Amino acid sequence: MFIDRAIVEVRSGKGGDGAISFLHAKFVPNGGPDGGNGGKGASIYFRASSKITTLLNFRHSKTFIGQDGGKGDIKNQYGRYAEDIYVDVPLGTVIYEEEGHKFLGDLNEEGKTIRVAKGGRGGKGNAMFKSPTNRAPKIAENGEPGERKRLILELKLLADVGLVGFPSVGKSTLLSVVSAAKPEIADYPFTTIVPNLGVVKVKDGRSFVMADLPGLIEGAHLGKGLGLQFLRHIERCRVIIHIIDLGESGRDPYNDYLVINDELKSYGYGLDKRPVILVASKMDEDGAKERLAKLEKRIGQKVHPLSALLEEGVDELIYQAADLLAVTPAFPLFDEEEKDLSHKIYELPEEEEEFKIQRLDAHTWRIMGDKIIKFYRMTNISTDEGMMILMNRIRKLKIEDKLEELGAQNGDSVILDDFTFEYTK
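Quick caveat: nothing in here was measured; it's all calculated off a predicted structure. Every chain begins its residue count from 1, and numbering advances along the sequence as written. Selection of residues for local features in this predicted model requires a pLDDT of at least 70, selection of side-chain atom pairs for listing and counting requires 80 or more, and totals for whole chains, interfaces and linings are taken over all residues. With hydrogens and water excluded, all non-hydrogen atoms of the structure serve as input to the side-chain values.

Attention shifts here to the sheet that holds strand E13 (residues 276–281). A pair of strands is treated as paired once DSSP finds two or more bridges between them. Secondary structure follows DSSP: runs of H or I at least 4 residues long count as helices, runs of E at least 2 residues long count as strands, and numbering of each begins at the N terminus. Taken in spatial order, the six strands line up as E10-E11-E9-E12-E13-E14 in an open sheet, and their pairing is mixed. At either margin of the open sheet sits one strand with a lone partner, and together these are strand E10 (196–201) and strand E14 (304–305).

Okay, here's the thing in structure tokens:
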């Protein structure tokens, strides 16, 4: 079974908490702080591998969870660093974040690796907070939280030449003749329901990869038929062979030509700008030569005649495809990510709000915001000093003033992540 799209969840490890500890050694009274730092949490990486050909292993929602870093210890001992996780995916896999469909990376080379979730750094132990004015700090940092994401994995085949056309125009037959691939061939529509790849060897020693892709129909770019499943894989092809049925099927070759061109243009990714070889298939059938002459006259362009069944015109087509590949560069999938700029433009990022306040009911409020929640999670409030640091942060951000402005009353409950305190004017 060929699986070319999957959704997975990744959770990187939290950093280990820093330790609060003081030196206790014989003959060393009033020893100083010696709490060590926490270890880094595990990051999660995805890596391209030619040993995997489909996303079958990811067909059901799957979760990859990194281990947390170890906690710091006495005598300035650092916590254990968690081992990073590497997940192998097929060559040609493109990764997006599900939220916002943000592009993360294109794993189009063997061994190429991208980090999809960063492990949290370890928290600082109290030894790191020692200063001339605070020689015995009773404060340590908790480890930085890990990241949690849902990812979309899409496999886009690494083929040099793509065969396009309506169902049953002879794409599978051609691939079976020019390569060792064995696609299913039958006289009904959508025989090919998954892409097939074959290595084509030219008689002069050159070779390239050809993809026989599911047939298009009108509206394919909107997902009709097998359209999107097909079009996803032609994005990487440098040369397109557009096959038009000139047999006795009763189809209108000129209309088929227009429909396929419109679908390629509507899908985007510059598919309509790639070099195309027009091929007239089933030239062994009665009346094919007359239909070919009419088609060439209407489109004003030479169409390559082909009979894959009799293997006529095959060698010429393969040489033409190889010659085009030699002068056609690769087309980037993501123009905005990969375009070469002669100068770099720097833009100031929009300032993220430090916090927001939500009213849950008449006497309950919630403080929200990634920054303030992260600060809270990394603050060890098990000591008086840690609690003081958190409350000072709340006062510095004027959260209490905002609560008063929104109508909070004495005794109202205020929730920050999993911590609740009482509001007092």
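Here the narrative resumes.
By the secondary structure assignment, threonine 364 is in strand E16 (residues 364–368). By relative accessible area, threonine 364 is classed as buried at 18%. Contact between two residues is taken to exist if any of their heavy atoms lie within 4.5 Å; hydrogens are not considered. Residue contacts for threonine 364: discarding those within four places in its chain leaves Gln358, Arg359, Ser413 and Ile415. Each residue gets one of three labels from its accessible area relative to the maximum for its type: buried under 20%, exposed over 50%, partly exposed in between, using a 1.4 Å probe on protein chains only.

Right, let's talk about the pattern of salt bridges for a bit. The rule for a salt bridge is simple: a side-chain nitrogen of Lys or Arg has to be within 4 Å of a carboxyl oxygen of Asp or Glu. Inspection of the entire model under this criterion finds 21 salt bridges. The salt bridge involving glutamate 154 is made with arginine 5; its shortest N-O contact spans 3.4 Å. Note that glutamate 154 is positioned in strand E8 (residues 148–155) and arginine 5 in strand E1 (residues 5–11), a separation of 149 residues in sequence. The exposure class of glutamate 154 is buried, given its relative accessible area of 8%.

Now for the sheet that holds strand E2 (residues 44–49). Across the sheet, which stays open at both edges, the three strands sit in the order E4-E2-E7 with mixed pairing between neighbours. Looking at strand neighbours, the two that pair on one side only are strand E4 (85–90) and strand E7 (113–117), the edges of this open sheet. Each neighbouring strand pair of the sheet contributes to a mean axis angle of 30°, computed without reference to strand direction. Relative to E7, E2 runs antiparallel, the two being bridged by four bridges. Directly across from arginine 47, in E7, lies its bridge partner threonine 113. Only the stretch in contact is used when fitting a helix axis, every axis being a line fitted to C-alpha atoms; angles between N-to-C directions are given from 0 to 180 degrees.

Looking at the secondary structure, you find aspartate 245 in strand E12 (residues 239–245). On the basis of relative accessible area, aspartate 245 is assigned to the buried category, the value being 3%. A distance of 2.7 Å separates the side chain of aspartate 245 from the backbone nitrogen of glycine 247, its partner in a polar contact. There is a polar contact of 3.4 Å between the side chain of aspartate 245 and the side chain of lysine 282. Other than its neighbours up to four places away in sequence, aspartate 245 contacts Ser168, Val169, Pro253, Ser281 and Lys282. Under the rule applied, a polar contact is a pair of N or O atoms within 3.5 Å (in protein, one hydrogen donor and one hydrogen acceptor; residues adjacent in sequence only if both atoms are side-chain atoms).

To continue, consider the pairing of E1. Within a regular beta strand, the side chains point alternately toward one face of the sheet and then the other, so they alternate between its two faces. In the sheet, E1 pairs with E8 via seven bridges, with the strands oriented antiparallel. Note on E8: the bridge partner recorded for glutamate 9 is arginine 150.

Our focus in this paragraph is the environment of histidine 101. Residue placement: histidine 101 occurs in the loop between strand E5 (93–97) and strand E6 (102–107). Overall, histidine 101 belongs to the partly exposed group, its relative accessible area being 41%. Residues histidine 101 and leucine 151, 50 residues apart in the sequence, show an inter-C-alpha distance of 8.8 Å. Not counting the four nearest positions on each side in its chain, histidine 101 is found in contact with Tyr96 and Ile152.

Next up on the list: the packing of helix H7 (residues 370–377) against helix H8 (residues 384–396). The relative placement of two packed helices comes down to the angle between their axes together with the axis-to-axis distance. Here H7 crosses H8 at 165°, and the two axes come no closer than 10 Å. One way to sum up the angle between H7 and H8 is to call them roughly antiparallel. Regarding H7 and H8, the two cross each other, and that crossing is right-handed. Note on element contacts: H8 touches H7 through Ile389, Leu390 and Arg393, opposite Ile372, Phe375 and Tyr376. The class makeup of the residues in the contact of H7 with H8 is five nonpolar, no polar and one charged. In what follows, roughly perpendicular refers to angles from 65 to 115 degrees, roughly parallel to angles under 35, roughly antiparallel to angles over 145, and oblique to any angle outside these ranges. For any pair of crossing helices, the crossing counts as left-handed if the nearer helix is rotated counterclockwise from the farther one by less than a right angle, and right-handed if it is rotated clockwise. Note that Gly is not counted as nonpolar here; it falls among the polar residues with everything else outside the nonpolar set of Ala, Val, Leu, Ile, Met, Phe, Trp, Tyr, Cys and Pro and the charged set of Asp, Glu, Lys and Arg.

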